[in-house]
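The chain contents come next:
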Amino acid sequence: MKRYSLTQAFFYLLKRDLTLSFRNRAEFANPLLFFILVITLFPLAIGAEPVLLSRIAPGIIWVAALLAAMLSLDSIFRSDFDDGSLEQLLLSAHPMPILVLAKVTAHWLVTGLPLLLVSPVLAIMLGMPSEAQGILLLTILIGTPILSLIGSIGVALTVGLPKGGIILSLLILPLYVPVLIFAASAVEGAAGGLDVSAQLYMLLSFLFLALSLSPLATAAALKISMN
Amino acid sequence: MFETALLKIDNLSCIRDDRVLFEHLSLSLCCGQMLLVEGRNGSGKTSLLRILTGLKMADEGDIYWRGTVISREGSGYHERVTYVGHHDGVKRELTCLENLRLVQAMGNPSAVDLDDALEQVNLYRYGDTAVANLSAGQRRRLALARLIVTEADLWILDEPYTSLDKASMALYQSLFETHLKQGGIIVMTSHHDIDMPSVDVQRLDLSS
């Protein structure tokens, strides 16, 4: 039989990971639920003042998105590491960075994309001005894949450690900060009626940098973790 | 007859936590030969096997596949190797067929039909059963079905007989003999007695 082409292998692994998350729905709904809960708790805690809420809305939504992303990171490689599937992937006939990219894409589709879908509702709930809502969606669309891509490096480095959770947070959080700063500032600027293309271009450049470099770093990190 | 060594281990050493597991290990394997790695628990059997797959780095020494160092060959070497380790490497949430299909997609698929492969390992009626519902022995048989659905010259097997019953052990033994007869190589560890008179077995005892 002919070997699967690289594209076929990519989509096969993507499909497999999506099937796995579908069969483990409860686990993957967790980050989304966390995201919604954190944001809905804010008005309850600081009072329903429309002016204040709409001012801090970009910050709240982005901090919640970032924490939700961190919460979900461990699932990228954890179960594969525990049951030996990761060993088999590393021994695959296909280049590991492409397989890593397939896994990260699947991870973003089940954890990042839902955030994008619910954030318009949450933005309206916090009273965010309508001109900022479009920009918010755009930053989440560009920003969450960056979070998944950078996060995969950290997970790959810590997956072999028995208690990797704390190190993972310390390792990854500093790398997330630039995304947070530029994304929140873009939404805030848009709310104030400013031109925010600079921030968006910056985010886009982060995305392409992460897209091209992080699968390589992740594949190398996995090799080290397996050693 | 001119024989070339397919797999050559050259001056290999492995150290873990300041403890020397083995050092200056050299041997070579030709077509149709089997290497049986023996030794007590913790003597480095699994480490040796993982070094042979390329998953683990040796502290010293090199492994050659057809004369090239395996780390240089990369995935070119991996497509010639099938490894079944301690962990079965199958996903509990997927069905048997889905697992085997993934194995084929990631590796170098053989011409065997997946249903036939399941029949060969006595799992025919379990094709659409989730692996979580299989027993440990059945899961092990599914993991070893990896050997049938992929085409590889070198089989690296870590305790393949774990949780297998006698009938399944005989089944895999005959599978191993066929593979060796076709010119393949097997490297394996096992605590069970290997009774294969027709096979050219090299024994390596890591305890000594």
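Computed from a prediction, not measured in an experiment: that's the story for all the values here.

Undergrad: Quick question: what am I supposed to make of the interface of chain B and chain A here?
TA: If you look at the interface, chain B gives 25 residues, while chain A gives 25 residues. Residues belonging to the side of chain B that touches chain A are distributed by class as follows: 10 nonpolar, nine polar and six charged.

Undergrad: I'm lost on the sheet that holds strand E8 (residues 185–189) of chain B in this one. Help?
TA: Sheet strands pair by backbone hydrogen bonding; their relative direction is either parallel or antiparallel. Residues and elements named next belong to chain B. The strand order across the open sheet built from five strands is E6-E7-E8-E3-E9, with neighbouring strands paired in parallel fashion. Every other strand in the sheet has two partners, leaving strand E6 (81–84) and strand E9 (200–205) as the edge strands with one partner each. With strand direction ignored, the average angle separating the axes of adjacent strands in the sheet is 15°. With four bridges connecting them, strand E3 (residues 33–38) and E8 associate as parallel partners. Along E8, the bridge assignment pairs Leu36 with Met188. Of the strands in this sheet, E3, E6, strand E7 (154–158) and E8 touch helix H1 (residues 45–53), which is tilted by about 150° from E7. Strand contacts of helix H6 (residues 136–149): E6 and E7, with the helix running at about 175° to E6, the strand carrying the most contacts.

Undergrad: Looking at this model, I keep getting lost on the sheet that holds strand E2 (residues 19–29) of chain B. Mind explaining?
TA: All names here are of chain B. The strand order E2-E1-E4-E5 describes an open sheet built from four strands, whose pairing is antiparallel. The open sheet has two edge strands, E2 and strand E5 (68–69), and neither has a second partner. Bridge count between strand E1 (residues 7–16) and strand E4 (residues 60–65): five bridges; the pairing is antiparallel. Across the sheet, the residue bridging to Leu7 is Trp65, located in E4.

Undergrad: Help me understand helix H7 (residues 130–158) of chain A in this model?
TA: Given 3.6 residues per helical turn, the α-helix brings residues three or four places apart onto the same face. Spanning 29 residues, H7 of chain A covers 41 Å between terminal C-alpha atoms, matching the ideal 42 Å at 1.5 Å per step. Along H7 of chain A, 22 of the 29 residues are buried, which leaves the element largely enclosed by surrounding structure.

Undergrad: Would you mind going over the pairing of E1 of chain B with me for this structure?
TA: Along a regular strand, successive side chains alternate from one face of the sheet to the other. Residue and element names in this part refer to chain B. Looking at chain direction, E1 and E2 are connected through seven bridges and run antiparallel. Pairing of Arg16 across the sheet is with Arg19, part of E2. Counting the residues between successive antiparallel strands, the hairpin from E1 to E2 contains two residues, one of them, Asp17, with a positive phi of roughly 50°.

Undergrad: Can you help me understand unusual backbone geometry in this one?
TA: Both trends apply: most residues other than glycine have a negative phi, and most peptide bonds are in trans. Residues and elements named next belong to chain B. With phi around 65°, Asp18 is a residue other than glycine that occupies positive phi space. The class for Asp18 is exposed, based on 5 C-beta atoms found within 10 Å. At Arg66, a position not held by glycine, the phi torsion is positive, near 50°. Position of Arg66 among the secondary structure elements: in the loop between E4 and E5. By the C-beta count within 10 Å, which is 15 here, Arg66 ends up partly exposed.

Undergrad: Sorry if this is basic, but what is going on with the nonpolar core here?
TA: Nonpolar side chains in soluble globular proteins tend to end up buried together. In terms of nonpolar packing, the biggest core is built from 125 residues, with Ile61, Ala65 and Val187 of chain A together with Ala145, Ile156, Ile186 and Val187 of chain B touching the most fellow members. If you tally residues by element for this core, the top one is H7 of chain A, at 13 residues. In this structure Ala145 of chain B touches Leu100, Ala117, Leu118 and Val121 of chain B, once residues within four positions along its chain are discounted.

Undergrad: Mind showing me how you'd approach the packing of helix H4 (residues 96–106) of chain B against H6 of chain B here?
TA: Residues and elements named next belong to chain B. Relative orientation of the contacting elements H4 and H6 amounts to 45°, with a least axis distance of 10 Å. One element, H4, and the other, H6, form an angle in the oblique class. Judged by the sense of rotation from one axis to the other, the crossing of H4 with H6 is right-handed. Counting all contacts with H4, which are made through Cys96, Asn99, Leu100, Val103 and Gln104, the residues of H6 involved are Leu142, Ala145, Arg146 and Val149. Split by residue class, the contact of H4 with H6 holds six nonpolar, two polar and one charged.

The rules we used
- Residues numbered from 1 in each chain as written.
- Chains lettered and ligands numbered in written order.
- Predicted model: local features only at pLDDT ≥ 70, side-chain atom pairs only at ≥ 80, totals over all residues.
- Contact = placed C-beta atoms within 7 Å.
- Nonpolar A, V, L, I, M, F, W, Y, C, P; charged D, E, K, R; others polar.
- Pairing = 2+ DSSP bridges.
- Helix = DSSP H or I, 4+ residues; strand = E, 2+ residues; numbered from the N terminus.
- Axes fitted to C-alpha atoms, helices over the stretch in contact; angles between N-to-C directions.
- Expected span 1.5 Å × (residues − 1).
- Buried ≥ 20, exposed ≤ 12 C-beta atoms within 10 Å, placed from the backbone.
- Core = buried A, V, L, I, M, F, W, Y, C linked by C-beta atoms within 7 Å.
- Parallel < 35°, antiparallel > 145°, perpendicular 65-115°, else oblique.
- Left-handed = near helix turned anticlockwise from the far one by under 90°.

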